[in-house]
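Notes for the structure review
Read off the chains here:
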Amino acid sequence: MTGEIDLVAMVRVRAVDDVATTVADGINKVAGVHSTQTQIAYRAYSQHDLDAALDLGF
């Protein structure tokens, strides 16, 4: 990654409201995490599509 973002974590939850709990009570409490930015995708993709999107080509 380059730029302001150091890491992207994909989190799957059962309900949209669970995102707030997961980030506030989980990710934000990990040592070294100084801030978070949440982006919500309302469409799910297959594992094959995700693997292809995240493939670094090595």
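1. Some details on the overall build of the protein
- The secondary structure content of the protein amounts to 2 helices and 0 strands.
- Compactness check: the protein gives a C-alpha radius of gyration of 13 Å against a globular reference of 10 Å for 58 residues, more than 25% above the reference.
- Its C-alpha atoms give the protein principal-axis dimensions of about 35 × 30 × 15 Å.
- Within the span of the protein, comprising 58 residues, buried residues form 3% of the whole.
- Working note: accessible area of the protein is about 5,700 Å², and carbon and sulfur atoms make up 53% of it.
- The averaged location of the 8 negative side-chain charges in the protein is 9 Å from the averaged location of its 4 positive side-chain charges.

2. So, a nonpolar patch on the surface
- A cluster of nonpolar side chains, namely Ile-5, Val-8, Met-10 and Leu-54, defines an oily patch on the protein surface of about 410 Å² accessible area.
- Looking at the secondary structure, you find Met-10 in the segment before helix 1 (17-25).
- Judged by its relative accessible area of 58%, Met-10 is exposed.

3. Considering the environment of Gln-47
- Among the secondary structure elements, Gln-47 is positioned in helix 2 (residues 47-54).
- A sequence separation of 33 residues divides Gln-47 from Arg-14, and the C-alpha atoms of the two residues are 17 Å apart.

Calculation rules
- Residues numbered from 1 in each chain as written.
- Predicted model: local features only at pLDDT ≥ 70, side-chain atom pairs only at ≥ 80, totals over all residues.
- Heavy atoms only, no water.
- Helix = DSSP H or I, 4+ residues; strand = E, 2+ residues; numbered from the N terminus.
- Rg over C-alpha atoms; globule rule 2.2 N^0.38 Å.
- Buried < 20%, exposed > 50% of the residue type's maximum accessible area, 1.4 Å probe, protein only.
- Areas by Shrake-Rupley, 256 points an atom, 1.4 Å probe, with all protein chains shown as cover.
- Lys, Arg positive; Asp, Glu negative; His and termini not counted.
- Charge placed at Lys NZ, Arg CZ, Asp CG, Glu CD.
- Patch = residues over 30% accessible without salt bridge, like charges linked within 9 Å, V, L, I, M, F, W, Y side chains within 5 Å.
- Salt bridge = Lys/Arg side-chain N within 4 Å of Asp/Glu carboxyl O.

The analysis is restricted to geometry; functional conclusions fall outside its scope.
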